[in-house]
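Overview (structure and organization)
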Amino acid sequence: MFKLIPRENVSPVLSLLGPLFSVGLTMIVGGILFYFLGVDPFAAIKMIFWDPLMSETFSTYSIPQIFIKGAPLILIALGLSVGFKANVWNIGAEGQYIMGAIFGASFALSLYPLESIVIFPAMILIGVIGGCLWSIIPAFLKVKFQVNEILVSLMLVYVAEQILALASLGFLRNPDGAGFPGSRNLNQYTSASNAEIIVGTGIHLGVLLSLLMVIFFYVLLFRHSLGFKIKLLGNSPKASGFSGDNSNKLIFLCLTLSGSLAGLAGIMEVAGPAGQINIDFNVGYGFTAIIVAFLGRLNPIGIFFAGIVMALTYVGGELTQFMLNLPAAAIQVFQGMLLFFLLSFDLFVHYKIKLKGNK
Amino acid sequence: MNNKIENTLFQCRAINKEFGNVRANNDISINVRTSQIHALLGENGAGKSTLVKIIYGLLQPDTGSMTFSDKEYSPKSPKDARALGVGMVFQHFSLFEPLTAFENIVVGLDKELGEKELHASVITLSESYGLEVNLSSFIGDLSAGERQRVEIIRALIQKPKLLIMDEPTSVLTPFECESLFKTLKKLASEGTSILYISHKLKEIADLCDTASVLRKGAIVGEYDPKKMTPRELGEIMVGQSLFEPKRPVATNKSNKVLSVKINEVKPDTQFGVTLKNIDLAVYQSEILGIGGVAGNGQEELMQILTGEKKDRNVSIKYMDNDIEMLNPRERREIGLAFAPEERLGHAAVGNLNLLDNSLITDPKKRFQKKMGFIDFGELNAYTNEIIEKFNVKTTGVSALASSLSGGNLQKFVVGREIGQKPSLFIVNQPTWGVDALSAANIRQAIVDIANTGAAIILISQDLDEILEISNKVAFLTNGNLSIPTNTMDIKTDEIGAIMGGISD
């Protein structure tokens, strides 16, 4: 058998190369997968990574779409990365995202058809609160009873999905919707619509916020004492206690911060690109954001680029579905491979392998 | 001349051993004569451990040869070494806690022996060498001294001609040290050679017939410790002249800085120590030394003093304020500073650079601008100041703490705390694992701030350190603190009596 031995000097160059390496390897292995699915691998890879940006036919639509799909990923991943730095593992951003959307949409739709300029900001705030509340559950259980936050936050995703079904089929169902599941379309409700801010592109407020948040989190993590406290807790809980920090407060903060951002992403999505609460309005951004956070090395700038790359696979993936009949699941496998290769690459960056038995 | 060669039991010639780029042993040759206690003296990292591991078969030398009883000797494993007559007692015990003392001895044997026969020979051994152990006790219930005796019996039962002892006194009370020395002297007088590894100079002078001094992997020379002062020997070991810090002179008895009263504080884990009946006070410009063997409540007391652990049964008064419910940061803000024993992962964090490590203790928010933003200019200046003042060897402020050697990291931690100009400095094991020169510097720095008016609580398992610089001493035994006495008035045998309570 073999044994993993930690490397004494971890090369910073290798560590930066990790994300690039994993993207490259995903292309190769993904291409092989596509080949066996009966699709020309070169055409498929080109269509995922190249055409959305460069093709004249697609790029005018695709480039803004990359930012629209990237925005929720970046928002959620930024929140998660703060927790991950502190060794606090919120895996349930998907649930917090759904709850943010339901809270915000419920508030706005309860006022329909009243028109007022306060509805939109209040709806966003309530969406944030919704995501935050959903993360308070694992935060409270973790701090009070040392319950594992990974399990609780993950399980709550499935609870949130049930509530989403309940809302779509029940209390939020569009009364004028001829019995179809799903709420009223918020885009048709002026006071609550997260309308595009650049005409004809679909770019909405959430995209702008995601860019601002990248800057905000960069400053928080690298220039502010709170960012230092989070880093200290993640590196050594004992040193954090010696410094005088209350680890419970920090854990609570990390979880609720990530929950709030997931809630923000949720309400932005439902009032914007998605338009309505429906059974399947969530497309797994909360889970994909975990990949984005790691692909971006838990660094806000890195997360921005990782979010863009990941959005590219969404947009390009849609193109391949449409043009090459590639199944949607193939694209999810493709995205999963990114994290898989990144984590395996990291293992070799941090450890060397030694065969046991021989000296 | 002829006589000398006949007397040689063990010899190594030009031993070399490299680890990566580090030459741990560089052309080492020593001669251990029959019936002698031969000291191997050197600082941490001088290559002592590597050499004895080679002798005991745990490591193989890159080049060089050894002879034992005039025969070629190259053990491939400790089993080979034992079979040829070399035994070793490790610094960190290798006993099984859930087994009894006797079972541990049986487990350690290479050859099968009848139980009755073995039992008889163990008893004979323990009686004739003063190695008293209750053979049916579980190891987990034994003190460090008793465990060591089990280890020694386990080594002696195989009748070694050469016994290697690796820093045996680091875990013992003075009383236990005395009885160990008697045992070793008796063994030597009966023909066993002992290779005695230590960096404690006084005990080497008491015990050893000859001393080989190692420095940076090479032999400096062989000396007669009886004909030299410990200080001379220390200077040879370090390679430069040493100074001895002097304890602060002017204790200000009218200014009580801290008083601590603890009735009873239960530990957080089942392996912890219950603190009981602790009553101490420390005055301005005074160093209060708290001695005792490891695991008698030092860690627990430190946590209470830093505020990492708070307890209603504790009363801590700092200059007329009750501070027992304050957290470490709040305590720092009013003038306390702390340096816990564990450097990596407690006082400092290996994965963070020195700038970040300066931020860990930031009383009075010196490195913060408005709204909690970090003032990197100040932080940089302060960190550089520590590095310069305390002669911390590092590549710069952005070096990771884990890249510093133990001694340099300790200088950094002590410097970081002293730089805050505390009124009260509480430090646990400030020179543990630190080279002699750095240790003297750290002690001097502690004395210096006491001389400028700070009160110091010095928790240390190094008795010499406590006796050297503290004005008053008290001892922790099993969570109890003895009444502080003036250091000048105390005698070594009294210390033994106070600390001795632990061993039985």
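See above for the structure.
All residue numbers here refer to positions counted from 1 along the written sequence of the relevant chain. In the order they appear in the text, chains get letters beginning with A and ligands get numbers beginning with 1. Reporting in this predicted model follows two pLDDT cut-offs: at least 70 for local features of residues, and 80 or more for side-chain atom pairs to be given and counted; totals over whole chains, interfaces and linings ignore these cut-offs and use all residues. To obtain the side-chain values, all non-hydrogen atoms of the structure were used and water was disregarded.

Glancing now at the packing of aromatic side chains. Residue and element names in this part refer to chain A. Working definition: rings of Phe, Tyr and Trp (its six-membered ring) pair if their centres are within 6.5 Å, and the pair is stacked with planes under 30 degrees apart, edge-to-face with planes over 60 apart, and tilted otherwise. One pass over the structure, following the stated rule, counts 21 aromatic pairs over all chains. Considering the side-chain rings of Phe84 and Phe294, the 5.2 Å spacing of their centres and the 15 degrees angle between planes classify their relative orientation as stacked. Linking Phe84 in helix H4 (residues 59-85) with Phe294 in helix H12 (residues 285-295), this pair joins segments that are 210 residues apart in sequence. Grouping aromatic residues by their ring pairs yields a cluster made of Tyr97, Phe281, Tyr285 and Tyr314. Only DSSP runs of H or I covering at least 4 residues are called helices, and only runs of E covering at least 2 are called strands; the numbering of each starts at the N terminus.

With that settled, consider a positive patch on the surface. Candidates for patches are residues over 30% relative accessible area with no salt bridge; among them, like charges are joined within 9 Å and nonpolar side chains (Val, Leu, Ile, Met, Phe, Trp, Tyr) within 5 Å. For the area figures, the Shrake-Rupley method with a 1.4 Å probe applies, and any residue is considered shielded solely by the protein chains shown. For this document, the term salt bridge refers to a Lys or Arg side-chain nitrogen within 4 Å of an Asp or Glu carboxyl oxygen. When charges are counted, Lys and Arg contribute as positive and Asp and Glu as negative, whereas His and the chain ends are disregarded. Think of each charge as sitting on NZ of Lys, CZ of Arg, CG of Asp or CD of Glu. A cluster of like positive charges, contributed by Lys3(A), Arg7(A), Lys352(A) and Lys354(A), occupies part of the molecular surface. By the element assignment, Lys354(A) lies in strand E2 (residues 351-355).

Facing the 27 residues of chain B at the interface are 18 residues of chain A. Throughout, the accessible surface (probe 1.4 Å) given up by two parts as they are put together, summed over both, is called the buried area. Counting the surface lost from both chain B and chain A, the interface buries some 1,900 Å², and carbon and sulfur atoms represent 57% of this. Remark: the boundary between chain B and chain A carries three salt bridges. Think of a polar contact as two N or O atoms within 3.5 Å of one another; within protein, one of them needs to be a possible hydrogen donor and the other a possible acceptor, and neighboring residues in sequence only count if both atoms come from side chains. Viewed at the interface, chain A and chain B are joined by 13 residue pairs in polar contact (both at pLDDT 80 or more). If you list the elements that add at least two residues to the side of chain B that touches chain A, you get helix H10 (298-306), helix H11 (328-333) and helix H12 (354-360) of chain B. Residue contacts are defined here by distance: any two heavy atoms, one from each residue, within 4.5 Å place the two residues in contact.

So, about the nonpolar core. The nonpolar side chains of soluble globular proteins are, as a tendency, buried together. Working definition of a nonpolar core: buried Ala, Val, Leu, Ile, Met, Phe, Trp, Tyr and Cys residues. They are joined through side-chain atoms within 4.5 Å. Three labels apply to residues, based on accessible area from a 1.4 Å probe with only protein chains included: buried if under 20% of the type maximum, exposed if over 50%, partly exposed otherwise in between. In this structure, Phe34(A), Ile76(A), Tyr97(A), Leu186(A), Val270(A), Ile277(A) and Met310(A) are the most contacted members of the largest nonpolar core, which totals 91 residues. Those residues within four positions of Ile277(A) in sequence are excluded, and the remaining contacts are Ala101(A), Ile102(A), Ala105(A), Leu164(A), Ala167(A), Ser168(A), Leu172(A), Gly182(A), Ser183(A) and Val270(A). Counting 82 residues, the second-largest nonpolar core is a separate cluster that includes Ile262(B), Ile360(B), Leu409(B) and Ile418(B).

Turning our attention to helix H9 (residues 230-238) of chain B. Residue and element names in this part refer to chain B. Where H9 is concerned, the buried positions are Leu233, Gly234, Ile236, Met237 and Val238. Contacts made by the buried residues of H9 are with strand E3 (37-41), helix H8 (201-207), strand E9 (210-215), strand E10 (218-223) and helix H15 (436-451). Looking at the residues trailing H9, positive phi occurs at Gly239, about 90 degrees.

Moving on, we come to the environment of Asn327(B). Tracing the backbone shows Asn327(B) in the loop between strand E15 (321-322) and H11. Remark: the alpha-carbon pair of Asn327(B) and Lys370(B), spanning 43 residues in sequence, is separated by 23 Å. Ignoring any residue separated from it by four or fewer positions in sequence, one finds Asn327(B) in contact with Gly244(A), Thr306(B), Gly307(B) and Lys310(B). In this structure the side chain of Asn327(B) is engaged in a polar contact, spanning 2.9 Å, whose partner is the backbone nitrogen of Arg329(B).

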